[in-house]
Amino acid sequence: MQNEDNIPSKVPEVTLGFWVIKILATTLGETGGDAVTMTWLHADVHPHNGGYLIGTGIFLAVFVAAVITQILTGRFSAWIYWLAIVASTTVGTVMADFFDRSLGIGYTGGSSILLACVLCSLAVWYLTLGSINVQTVARPKVELFYWVTITFSQTLGTALGDWTADSTGLGYDGGALVFCAGLVLLAALYYWTTVSRVFLFWAAFILTRPLGATVGDFLDKPTSHGGLALSRPLASGVILAAIVVLILILPQRPGRHPGSSATAQVQ
């Protein structure tokens, strides 16, 4: 029988390649979500025409199906995992837009509520299972906490990216630079300090989402709004192709369950 400490995780080993694919996936979530709700359903022009709600329903169904498949799969599968991640970023995009624009909550209110949801999800996860280390994601119960937290974090990222770009006056390129600087700071803390690796992972995971959101908006928003006005479907196709190539050429190994002693060291 396999030792509990040696059970492979259902998520990839956290490497530089992981973060590159993650950032591309979050950017695809923004351009892909906007392609459906804005380019095809015109919800950006008519925010109360049901476009954001329809988009939420479509992508939520894809996300739920991907997560169920991920949980039922007995071992790590890079294709299923990254499909679920892309689906989570896309549904996060359209959900955030629905809350912020169709329901009128606004970027500030939406970001505050979603941040509270992320923190509550992490807290309940930790209190229930004793660890929020992603390398322990090897059992269905842990996976459920993992994907719920990710859903909140991806939705938060869209709202936070829009708030930074629009409400602060930084624009999409300025917002992207701010989030890049935040990730550089986290990398410095990782390499030169003993700050909890679990904390740094979740901080980086959350921060990559608004980075992808601002980069995606910079690519596809009209030039009058500070974007490049590129075709959303075309940009989404190019980014998706890049993700597929990287999954093929970069090592996609499952993380290892750290065991009780290793888990204790990083908390």
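Residues numbered from 1 in each chain as written. Predicted model: local features only at pLDDT ≥ 70, side-chain atom pairs only at ≥ 80, totals over all residues. Heavy atoms only, no water.

1. Considerations on a nonpolar patch on the surface
(1) Moving on: On the surface, Trp79, Leu240, Val244, Val245, Leu248 and Ile249 cluster together into a nonpolar patch covering about 580 Å² of accessible area.
(2) Moving on: Topologically, Trp79 is positioned in helix H3 (residues 78-102).
(3) Moving on: Judged by relative accessible area, which is 45%, Trp79 ranks as partly exposed. (Patch = residues over 30% accessible without salt bridge, like charges linked within 9 Å, V, L, I, M, F, W, Y side chains within 5 Å. Areas by Shrake-Rupley, 256 points an atom, 1.4 Å probe, with all protein chains shown as cover. Salt bridge = Lys/Arg side-chain N within 4 Å of Asp/Glu carboxyl O. Helix = DSSP H or I, 4+ residues; strand = E, 2+ residues; numbered from the N terminus. Buried < 20%, exposed > 50% of the residue type's maximum accessible area, 1.4 Å probe, protein only.)

2. A closer look at the side chain of Asp162
(1) Moving on: Relative to the assigned elements, Asp162 resides in helix H5 (residues 140-167).
(2) Moving on: Residues in contact with Asp162, not counting those within four places in the same chain, are Glu30, Asp97, Arg101, Tyr107, Ser167 and Asp217. (Contact = heavy atoms within 4.5 Å.)

3. As for the nonpolar core
(1) Moving on: One finds Tyr81, Trp125, Tyr146, Trp147, Trp202 and Phe205 to be the most contacted residues of the largest nonpolar core, which totals 56 residues.
(2) Moving on: Broken down by element, the residue count for this core peaks at 11 residues, all from H3.
(3) Moving on: In this structure Trp125 touches Gly130, Ser131, Ile132, Val137, Val142, Phe145, Tyr146, Thr149 and Trp202, once residues within four positions along its chain are discounted. (Core = buried A, V, L, I, M, F, W, Y, C linked by side-chain atoms within 4.5 Å.)

4. Digging into the confidence of the model for the protein
(1) Moving on: The share of residues in the protein with pLDDT of 70 or more is 93%, and the mean pLDDT across the chain is 88.
(2) Moving on: The least confident element of the protein is helix H9 (residues 259-265), whose mean pLDDT is 37; the most confident is helix H8 (residues 232-249), at 95.
(3) Moving on: Overall, residues 258-267 carries pLDDT values under 50, and its contacts beyond four positions in sequence, including any with other chains, amount to 16 contacts. (pLDDT = per-residue confidence, 0-100.)

5. Here's the deal with the pattern of salt bridges
(1) Moving on: Taken as a whole and judged by the stated rule, the model has nine salt bridges.
(2) Moving on: Taking the shortest distance from any N to any O, the salt bridge between Asp34 and Lys221 comes out at 3.0 Å. With Asp34 in helix H1 (residues 16-40) and Lys221 in the loop between helix H7 (197-220) and H8, this pair connects stretches of sequence that are 187 residues apart. Exposure class is identical for Asp34 and Lys221. Each is buried.
(3) Moving on: Taking the shortest distance from any N to any O, the salt bridge between Arg232 and Asp220 comes out at 3.8 Å. With Arg232 in helix H8 and Asp220 in helix H7, this pair connects stretches of sequence that are 12 residues apart.

6. With respect to the packing of helix H2 (residues 51-72) against H3
(1) Moving on: Closest axis-to-axis distance for the H2/H3 pair is 8 Å, and the angle between their directions is 155°. Regarding the angle of H2 to H3, the classification is roughly antiparallel. Handedness of the H2/H3 crossing: left-handed.
(2) Moving on: In terms of residue class, the contact of H2 with H3 is made up of 16 nonpolar, seven polar and two charged. (Axes fitted to C-alpha atoms, helices over the stretch in contact; angles between N-to-C directions. Parallel < 35°, antiparallel > 145°, perpendicular 65-115°, else oblique. Left-handed = near helix turned anticlockwise from the far one by under 90°. Nonpolar A, V, L, I, M, F, W, Y, C, P; charged D, E, K, R; others polar.)

7. Concerning the packing of aromatic side chains
(1) Moving on: Using the criterion set out here, one finds 18 aromatic pairs in the structure.
(2) Moving on: Taken together, a centroid distance of 5.1 Å and an interplanar angle of 85° make the contact between Phe18 and Trp19 edge-to-face. Assigned by exposure class, Phe18 and Trp19 land together as buried.
(3) Moving on: When the ring of Phe18 is compared with that of Trp82, the centres are 5.5 Å apart and the planes differ by 50°; the resulting orientation is tilted. Highlighted residues: Phe18 in helix H1 and Trp82 in helix H3, separated in sequence by 64 residues. Of the two residues examined, Phe18 and Trp82, each falls in the buried class.
(4) Moving on: Positioned above the aromatic ring of Phe205 is the side chain of Lys22, whose terminal nitrogen or guanidinium carbon lies 4.2 Å from the ring centre.
(5) Moving on: Positioned above the aromatic ring of Tyr190, the side-chain terminus of Arg197 is 4.6 Å from the ring centre. (Phe/Tyr/Trp six-rings, centres within 6.5 Å; stacked < 30°, edge-to-face > 60°. Lys NZ or Arg CZ within 6 Å of the ring centre and 35° of its normal.)

8. Describing the state of the cysteines
(1) Moving on: The full count for this structure, using the stated rule, is zero disulfides.
(2) Moving on: With no disulfide of its own, Cys120 lies closest to Cys117 among cysteine sulfurs, the gap being 6.7 Å. (Disulfide = S-S within 2.5 Å.)

9. Remarks on the environment of Cys120
(1) Moving on: Relative to the assigned elements, Cys120 resides in helix H4 (residues 106-129).
(2) Moving on: You can call Cys120 partly exposed: its relative accessible area is 48%.
(3) Moving on: Placed 29 residues apart in sequence, Cys120 and Thr149 show a C-alpha to C-alpha distance of 8.9 Å.

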